[in-house]
Structures are given as C-alpha cells and as structure tokens.
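Chain and residue survey
Residues per chain, in single letters:
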Amino acid sequence: GAGVSQSPRYKVAKRGQDVALRCDPISGHVSLFWYQQALGQGPEFLTYFQNEAQLDKSGLPSDRFFAERPEGSVSTLKIQRTQQEDSAVYLCASSLVVASGSLHTQYFGPGTRLTVL
Amino acid sequence: AQKITQTQPGMFVQEKEAVTLDCTYDTSDPSYGLFWYKQPSSGEMIFLIYQGSYDQQNATEGRYSLNFQKARKSANLVISASQLGDSAMYFCAIRPRSGSRLTFGEGTQLTVNP
C-alpha cells in the first residue's frame, strides 16, 4: 500500500515568510508524528497526534510552530515568520497506534527540505 | 529521558562482508523498544528492525540482525553480506513503552566499497 507522503518535497522561503508543510499518513494509522532533522544530525521530535488530538507538542521550538490534524488524517505543520535556523528537513511519521503497552513501528515519509534565505 | 549514542560517525566495508554498527542507549524506563532506520541520500527514513527490551531472542530481518545486550545497554546492528545499496546513514532510536516519541542517535554513515 501507499506509504507516508509529504509535500512539498522542497521549499525555499524568505526570512519572515510563513510556510505550510503537509503530511498524508498511511491509511488507517492513528498516530502521526513530526520530527525536525538538522543537517548532519538525527531527527528530533516536534509533536504527536492521536487521531485529531495533539497529545504532545513539547518538542515545538517556539510559538511560531503550529501543527494541526483536524480530521484525524492529513496533518499540516505551519511555521510563521520563518528564521534561518528553521532550515532543516521536516519528517512526518505514522504508526498504527501509540498506546500504553504498544510499541508499533513509526514509518516515515520522504521529508520536506526547508531552506530559509 | 532517553539517550542514544552512536560512536562511529563513519564506517567502511567491502562488498559481501559483514559490518557491525554500534549503538548504546540510556533510559530509566523498564520497558522500551529499540529501532534501526536507514536513511539514503534521498532522505527517506526506512525502518529496518525492531527489538523489544523484554524479547528473549535477538531480532533478525533478512540480512539485518540486532545484537542486543541488555546489561551493557547496547543494541548493535549487524548487516551481513553487504551490498552497494547499503551505503547510507544508519540511525538507532529508542522509545519507551510508556511514551510516544522516538529519540535518535546522531547516526553512522556506512560506505560499501566494491
């Protein structure tokens, strides 16, 4: 079946612009995650949804970052007033469920490479 | 809090040989999962293999196996019969059973030489 898809794959923004990054999870996957990967580093957690509920947003670096998943499927990560330090690859992942006692694998999309000039 | 340490920034291996990529971890959670992902230059994170902390046997998946030593807090990835297509960045990650997020190491860049 189809994997996780993300769009756009590449985004160039001028400093101060707002951007929106989209994630389509694997069909039927309840849990959705956003990670940020700086160049040469491992991904770092941003936020997590179970269905439409955002259960953990402790990794969002500032209040300029906002994520939503209004219908429990597609998710959008929005960054307002982009800064150069926001330049990174933004990875989306989905899994069947994250619940106490489960350790379902997270499957990742291809990422969106954001460059802020 | 969880922590993953990958001490090998780069590794080289000859085609058809086996290679071990090191991963040590730190966690206070009694139950957790350890994951390995492959990231080729295209950027996608590809899931390779999973090991649960209470699993009795080491995980295997085709040419991938996980050498899990719980007392030493290590979860090394072994790739047998390396192929040119194995050249990529490899990340070790941990998630506690009670939590949701994956915590990644900094990765190891594997190069397979012909």
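Residues numbered from 1 in each chain as written. Chains lettered and ligands numbered in written order. Predicted model: local features only at pLDDT ≥ 70, side-chain atom pairs only at ≥ 80, totals over all residues. Heavy atoms only, no water.

1. What about the pairing of strand β4 (residues 31-37) of chain A?
Residues and elements named next belong to chain A. To be explicit about the condition: Any residue under 20% of the maximum accessible area for its type is buried, any over 50% is exposed, and the rest in between are partly exposed; the area is computed with a 1.4 Å probe on protein chains only. Numbered from the N terminus, helices here are DSSP runs of H or I no shorter than four residues, and strands are runs of E no shorter than two. Here a strand pair is declared whenever DSSP counts at least two bridges between the two strands.
Counting buried positions along β4 yields seven of seven residues, so the element is predominantly enclosed. A two-sided burial pattern is seen for β4, the buried positions comprising S31, F33, Y35 and Q37 on one face and L32, W34 and Q36 on the other. Where β4 and strand β5 (residues 44-50) come together, six bridges link them in antiparallel fashion. The residue of β5 that forms the bridge with W34 is T47. Hairpin connection, β4 to β5: the antiparallel pair is bridged by six residues, and G40 has positive phi, about 80 degrees.

2. Here's the deal with the sheet that holds strand β3 (residues 19-24) of chain A
Residues and elements named next belong to chain A. So the rule is basically this: Interaxial angles span 0 to 180 degrees and are taken between N-to-C directions of axes, which are lines fitted to C-alpha atoms, for helices over the stretch in contact.
Spatial ordering of the open sheet is given by β1-β3-β8-β7, a layout of four strands whose pairing is antiparallel. On the outer flanks of this sheet lie β1 (5-7) and β7 (65-68), each paired with one strand and no other. When the angles between neighbouring strand axes are averaged without regard to direction, this sheet yields 15 degrees. As judged from the five bridges shared by β3 and strand β8 (residues 75-79), these two strands associate in the antiparallel manner.

3. Section: the interface of chain A and chain B
Operational definition: Any two residues having at least one pair of non-hydrogen atoms within 4.5 Å are treated as being in contact. Throughout, the accessible surface (probe 1.4 Å) given up by two parts as they are put together, summed over both, is called the buried area. What counts as a salt bridge is simple: a side-chain nitrogen of Lys or Arg found within 4 Å of a carboxyl oxygen of Asp or Glu. Whenever a nitrogen or oxygen atom comes within 3.5 Å of another N or O atom, the pair is scored as a polar contact, on the condition that within protein one atom can donate a hydrogen and the other can accept it, and that pairs from neighbouring residues in sequence are kept only if both atoms are in side chains. Gly falls in the polar group here, along with every residue not listed as nonpolar (Ala, Val, Leu, Ile, Met, Phe, Trp, Tyr, Cys, Pro) or charged (Asp, Glu, Lys, Arg).
Counting residues at the interface gives 26 residues for chain A and 22 residues for chain B. Of the roughly 1900 Å² buried where chain A meets chain B, counting both sides, 54% is carbon and sulfur surface. For the pair chain A and chain B, the number of links is one salt bridge. The salt bridge involving D56(A) is made with R101(B); its shortest N-O contact spans 3.2 Å. Taken together, the connections running from chain A to chain B amount to seven residue pairs in polar contact (both at pLDDT 80 or more). Among the secondary structure elements, those contributing two or more residues to the side of chain A that touches chain B are β4, β5 and β10 (107-108) of chain A. In terms of residues, the side of chain A that touches chain B owes the most to one element, β4(A), which gives three residues. Tallied by class, the residues present in the side of chain A that touches chain B amount to 12 nonpolar, 12 polar and two charged.

4. Let's talk about unusual backbone geometry
Backbone torsion omega between S7(A) and P8(A) reads -10 degrees, so that peptide bond is classified as cis. Tracing the backbone shows P8(A) in the loop between β1 and β2 (10-13). Phi angles above zero are rare outside glycine, and A81(B) is one such case at about 45 degrees. Inspection of the secondary structure assignment puts A81(B) in the loop between β9 (74-79) and β10 (88-96). By relative accessible area, A81(B) is classed as partly exposed at 38%.

None of this, on its own, says anything about what the molecule does.
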